[in-house]
Structures are given as structure tokens and as C-alpha cells.
Number of protein chains: 2
Amino acid sequence: MHNLKSIVQRLEARKYRITPARLAVVTAVLERSGHFSVDDIVGRVPGVGRATVFRTMKLLSEMGMLCRVLLEDGSLSYRVSRHQGHHHHLVCVSCASVQELDACIASDMLGDLARSTGFQIEGHWLEFFGRCAACRNSVA
Amino acid sequence: MHNLKSIVQRLEARKYRITPARLAVVTAVLERSGHFSVDDIVGRVPGVGRATVFRTMKLLSEMGMLCRVLLEDGSLSYRVSRHQGHHHHLVCVSCASVQELDACIASDMLGDLARSTGFQIEGHWLEFFGRCAACRNSVA
DNA sequence: GCGCTAATTGAGACTTAGTATCAGTACTCT
DNA sequence: AGAGTACTGATACTAAGTCTCAATTAGCGC
Ligand SMILES: [Mn+2]
Ligand SMILES: [Mn+2]
Ligand SMILES: [Zn+2]
Ligand SMILES: [Zn+2]
């Protein structure tokens, strides 16, 4: 989906400079599968400062190239995003693979919820945890 | 819903000792409205160590007296729980009030989701953010 | 190619949330 | 009273993330 070239183009389109640090972070991120922490990436881009990795990953998140994945324990992890825009995840608790859901399956209930609670609903978090098909079979 | 007496009874029922530190934490927690952080409580129970406040709030969470509320930015906060067991929240981003939903409105979709993704779904997070009726009116 | 300047960087200090260690205190039980 | 266990608070530590600031540099105009 995303590759180095397309991400560089997007950065250029937004007038961000293409620096060695940014290239290193983008490359490291694209090489990951499943979800990962910022410090995972820090460990894979020697010479690039931790603050820069945080800054770059924040930038990529804001641009929709990375998304934050909420884990079962409430901690946040990151992954390369397939869908830009609002979406949700199914995270395998065994292999850390992540499946993105393309439709927001919470949007249906928003109207009812607003009506029954009086809240004006502006956002939500929705993430699922479980075992992916591969992991389910591998244990028998 | 919960008061000091009922919480003390529950602690006693589970063979936990009723100590001054625990009483102080429980009292401080019951005095809060909306959601709060552990360190909010630390600041309100002078003389009680931070580790003890963490331990006590964890204990209260495990017993269903407190629940963790996921905020918009992905951070966790706490609140006195009305419902024990699995449930979700609507958090007012303006006044921090929290409304608990008594039914899990995600459970309906679990079957479909398992079927369409091959995942065996074991858990989920679902939290809503918005403006409560009071806050909506107060700004005009 | 060269210079200018705003954008970017990395070191490091700092914050917030939470865990681990451990010696000392205080119950509980007999 | 003595033994054993639960609990406590100080303190050190980890992880995630922000802030500051002086030094560097990418990319633009010439
Ligand atoms: Mn995603
Ligand atoms: Mn709750
Ligand atoms: Zn959604
Ligand atoms: Zn639910």
C-alpha cells in the first residue's frame, strides 16, 4: 500500500523536508509488520535521536500513514495504516498481527446513543482483541 | 451507589485488611466526581505513599468499584463505577463527567466480525467522547 | 554552485503513569 | 507473647512522551 516513494511524495507535497532522519524512520517503519512502539523504531534507526523518531512518527500519524492501535492493556502501539481516515482494528493477542476494518461499525449506534443520553457525540475508540485464524490453527 | 461502608464490607469479605491508608484512598476516591488520575488521589491523601495509592486503586478496579476510562488521547483515567462487569462510557470532553452505558453495544457485532475476519474475538475497548447535555446548553 | 534562512535535528532534562524492591510496621492467630 | 503474614512507604526504576535549545542543513532564489 504505502511505500517509501509514495510517502516521500506526500511529505514533499506538504512542504516537509526530506531529511536522512525522516527517510530512516520511514524505512524502518515500513519494514515492520504487526504493531510496534516508537522505541522499537528508535532501536532500529541508530544515529537518529529519540525526539526525532517521536516527531516523525507523530507526523506520519497525522498524515494517515501510521495509525495508533490501542492494545488490551490500554497502551498504544503503532502500525502502518492501510486505510486513511477513521477506522478500527482487530489485534491478534498471540502474534500481534492487526487487521483493519474498513467500515466504522460504531457509526450506526451513534444516533440512538445521542438521543438516549443527551450527549453530542464527537468521537469514539473501538478496538477488538482476539486470536487470528493462523494463531487459532497453530495451537490446535 | 458505592459508599464507604459498602466498600469496606466488600474488602472485609475478601479478607483484605481495613487499614488507614485504604480508608483514606477509598474516601478520597468517593469524593471525586467525573474521572481522575491516580496522582490526583495521591495529592489528596497526604501521608499515604504513592505505591499504596496505586495498589489500592488497582485493587478497587479489580473488585469492580473503580473502572478505567479511556480518554480521547489514549490515556487512561479512573472513576467510581456504577456497574460492575463489562461496560462502556461516554465521556464529556468539556466537564469530564462520565455516563456509563449499561449494555454492551458492541456485543451484537461480534458474531459477524468473527465470521468475516476469522478472528476468535476475546475482548474489545469501546468508549465515546462528546459534550454532555449540560455542557451543550451552557455554551449556547 | 552559493548563500540564506527557516526547518529540522539530537542531546538531554523533564513529566506522567506505573512497577519492583525491600526493610519496617501492624495485624492475626494460637 | 511469639510467629507469620499482610501491608506500607521510601525509593529506584521503566516506558511513553514532551520541551528546550544550540547546532546543523535542506531547499529555495540567485
Ligand atoms: Mn489502522
Ligand atoms: Mn465504568
Ligand atoms: Zn468508528
Ligand atoms: Zn463491550
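Residues numbered from 1 in each chain as written. Chains lettered and ligands numbered in written order. Predicted model: local features only at pLDDT ≥ 70, side-chain atom pairs only at ≥ 80, totals over all residues. Heavy atoms only, no water.

Colleague: Please clarify how the pattern of salt bridges should be interpreted in this entry.
Modeller: Pairing is possible between side chains of opposite charge, provided their charged atoms come close. Residue and element names in this part refer to chain A. One pass over the full model with this rule turns up six salt bridges over all chains. In this structure, arginine 79 engages glutamate 100 in a salt bridge whose closest nitrogen and oxygen atoms are separated by 3.4 Å. Of this pair, arginine 79 sits in strand 2 (residues 76-80) while glutamate 100 is found in strand 4 (residues 98-101), placing the two residues 21 residues apart along the sequence. As far as burial versus exposure is concerned, arginine 79 and glutamate 100 are alike and both buried. (Salt bridge = Lys/Arg side-chain N within 4 Å of Asp/Glu carboxyl O. Helix = DSSP H or I, 4+ residues; strand = E, 2+ residues; numbered from the N terminus. Buried < 20%, exposed > 50% of the residue type's maximum accessible area, 1.4 Å probe, protein only.)

Colleague: Whenever I open this one, the coordination of the manganese ion (ligand 1) confuses me. Can you help?
Modeller: Working reference: metal with six octahedral donors, ideal angles 90 or 180 degrees; metal with four tetrahedral donors, ideal angle 109.5 degrees. All names here are of chain A. At the metal site, the manganese ion (ligand 1) is ligated by Cys67 (SG), His87 (NE2), His89 (NE2) and Glu100 (OE), and these contacts range over 2.0 to 2.2 Å. Donor residues for the manganese ion (ligand 1), ordered by position in the chain, follow C-x19-H-x1-H-x10-E. In this pair, histidine 89 sits in strand 3 (residues 88-92) while glutamate 100 sits in strand 4, placing the two residues 11 residues apart along the sequence. For the residue pair histidine 89 and glutamate 100, the accessibility class agrees, reading buried in each case. (Donors = N, O, S within 2.8 Å, 3.2 Å for Na, K, Ca; no water.)

Colleague: Mind showing me how you'd approach the interface of chain B and chain A here?
Modeller: Listed per partner, the contact involves 36 residues of chain B and 36 residues of chain A. Between chain B and chain A the total buried area reaches about 3,100 Å² when both faces are included, carbon and sulfur atoms providing 65% of it. Connecting chain B to chain A are zero salt bridges. The interface formed by chain B and chain A contains 16 residue pairs in polar contact (both at pLDDT 80 or more). Elements supplying a minimum of two residues to the side of chain B that touches chain A: strand 1 (66-70), strand 3 (88-92), strand 4 (98-101), helix 5 (107-117), strand 5 (120-131) and helix 6 (133-139) of chain B. Element by element, the count of residues in the side of chain B that touches chain A is highest for strand 5 of chain B, at 12 residues. One ladder, built from 11 bridges, connects strand 5 (residues 120-131) of chain A with strand 5 of chain B; its direction is antiparallel. Looking at strand 5 of chain B, one finds that A:Leu126 is bridged to B:Leu126. (Contact = heavy atoms within 4.5 Å. Buried area = accessible area lost by both parts, 1.4 Å probe. Polar contact = N/O pair within 3.5 Å; in protein donor to acceptor, adjacent residues only side chain to side chain. Pairing = 2+ DSSP bridges.)

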